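A look at the structure
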Protein chains: 2
Amino acid sequence: MTDLSKIKDSLLKTHPFAEEQLDQFTGRLIFQRFNKREFLLKSGQISKGITFILSGSLRLYNKTGDKELTLNFFTENTWLADLESLLTQQSSTNYIEAFEDTSAATIMLKDLHWLMDNYPDFRMLNKLLTGLHISTMHLASIKTKNPDERYHELLTTHPDWLNRFPQNQIASYLGMAPETLSRVRARLS
Amino acid sequence: MTDLSKIKDSLLKTHPFAEEQLDQFTGRLIFQRFNKREFLLKSGQISKGITFILSGSLRLYNKTGDKELTLNFFTENTWLADLESLLTQQSSTNYIEAFEDTSAATIMLKDLHWLMDNYPDFRMLNKLLTGLHISTMHLASIKTKNPDERYHELLTTHPDWLNRFPQNQIASYLGMAPETLSRVRARLS
DNA sequence: TGATTTTCTTGATCGTGGTCAATTGTTAAT
DNA sequence: ATTAACAATTGACCACGATCAAGAAAATCA
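Values in this document were obtained by computation on a predicted structure and should not be read as measured data. (Residues numbered from 1 in each chain as written. Chains lettered and ligands numbered in written order. Predicted model: local features only at pLDDT ≥ 70, side-chain atom pairs only at ≥ 80, totals over all residues. Heavy atoms only, no water.)

Quick word on the domain arrangement of chain A
All names here are of chain A. Assigned domains within chain A: domain 1 (3–134) and domain 2 (137–188). For domain 1 versus domain 2, the distance between C-alpha centres works out to 25 Å. Counting from both sides, the interface comprises 13 residues of domain 1 and, opposite them, eight residues of domain 2. A combined buried area of about 1000 Å² lies between domain 1 and domain 2, and 59% of that area is made up of carbon and sulfur atoms. (Domains from an automatic or database assignment. Contact = heavy atoms within 4.5 Å. Buried area = accessible area lost by both parts, 1.4 Å probe.)

Laid out in structure tokens, this is it:
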């Protein structure tokens, strides 16, 4: 499956776009590679577009002092942005960092606007953004569930993350100390 | 200040719309009143539009068993929606309930689309939605700060909420037991 | 107005999960 | 291959905040 068809597939899942529309979209994409540890976005910068991950993975986190708080992980065939910064066009407080060598394609906000102007169907791209919100589910989970329950939830929603990302980052995402995650896992064997 | 000018004001904060555009927008609004305890949205329903609160206040929460978890409060002169449900057009898992007698104006999603088709400027309304996201700040706060810190944060971000909404609901929003919030407050006098 | 329900406060208890520390395991670099 | 840096595990400790319970205060309703 080619890079372009991956992206077209993803678009078609949100709306039955015509071939011409898909080509208008993909023709505006900017392809980039990020080495592991390289940044797609740093705190202080303004998010300029929406990025599709062709291969690899990235991590969204913020920093207070030298403590990192992992907010989300993104893996291949998903869309990615710092939504708050993108929509407000104000500088982000977050970092988006390649966890592995990553290949990606970005559509700039201005091109998105051009597409919406000329092809009203592209309004539906708002749906792309849905996955980028911090879901109420995740927040509810953090507020009400204990570490065991949160781990089991992740086991069902993103089992792949667990043997892909380091445990201390997973723990941070789950809102618990790394030692606690380690013990939760030990309890299950 | 009239209801219409409140809404126009709010729109002008996101984008310099022309008077004609503002009128096109306000002409499509649906005005509604909600009595205290009445629901704007119930779990299982699909969010059909974005609502501006003219007066009163509402609470967004979800329910597991008979336990309510407060996700957000909304007060006059702000926009409101269940964003996940609105964008995906799938049934919501949340409730939006009037906390006080509330007067509001709703723009339906289909009208929003019509406006975007005919006036590209209305694309910028995405900005309206920004305030509706669960902010990464709130999530970070819940994950990393203790009850005292979270209370102080709310004191600076939404001091008005504290003498407007019941403490047990505030406590739920802050992710702590009502007794804990009571003690946090006692400690400050 | 008084009666009933709900919310808030305060106390006492207890368990969970964070922190600190030491050890082992893994990864990365030269 | 060796070292260094980092990640994961395990144990010991204890503080924070949840829970339970009872009484006071406030809000709601007839």
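Considerations on the sheet that holds strand β8 (residues 102–108) of chain A
Sheet strands pair via backbone hydrogen bonds, and the direction of the pair is either parallel or antiparallel. All names here are of chain A. If you trace the four strands from one edge of the open sheet to the other, you get β1-β8-β3-β6, paired in antiparallel fashion. Each edge of the open sheet carries a strand with a single partner, namely β1 (30–34) and β6 (79–80). Note that strand β3 (residues 49–55) and β6 share two bridges and pair antiparallel. Across the sheet, the residue bridging to F52 is W79, located in β6. Against the sheet, helix α1 (residues 3–14) makes contact with β1, β3, β6 and β8, and its axis sits at roughly 125° relative to β3, the strand it touches most. (Pairing = 2+ DSSP bridges. Helix = DSSP H or I, 4+ residues; strand = E, 2+ residues; numbered from the N terminus. Axes fitted to C-alpha atoms, helices over the stretch in contact; angles between N-to-C directions.)

As for the pairing of β3(A)
All names here are of chain A. Counting buried positions along β3 gives six out of seven residues, so the element sits mostly inside the fold. Note that β3 and β8 share six bridges and pair antiparallel. Counterpart to T51 in the pairing with β8 is T106. (Buried < 20%, exposed > 50% of the residue type's maximum accessible area, 1.4 Å probe, protein only.)

Focus on the pairing of β8(A)
Residue and element names in this part refer to chain A. Within β8, six of the seven residues are buried, leaving the element largely enclosed by the surrounding structure. One ladder, built from five bridges, connects β1 with β8; its direction is antiparallel. The residue bridging Q32 from the neighbouring strand is A104, located in β8.

A few points about the protein's contact with DNA strand C
Taken together, 15 residues lie near DNA strand C, and A:N146, A:P147, A:T180, B:Q167 and B:S182 sit nearest. At the protein interface, 60% of the atoms of DNA strand C within 4 Å belong to sugar or phosphate. Here a phosphate oxygen of DNA strand C and a backbone polar atom of A:A177 are 3.3 Å apart. One of the side-chain N or O atoms of A:T180 is found 2.3 Å from a phosphate oxygen in DNA strand C. Listed by contribution, the elements that provide at least two residues to the surface near DNA strand C are α10 (178–186) of chain A together with α9 (167–173) and α10 (178–186) of chain B. Among the elements that line the surface near DNA strand C, the one with the most residues is α10(B), at four residues. (Near = heavy atom within 4 Å. Polar contact = N/O pair within 3.5 Å; in protein donor to acceptor, adjacent residues only side chain to side chain.)

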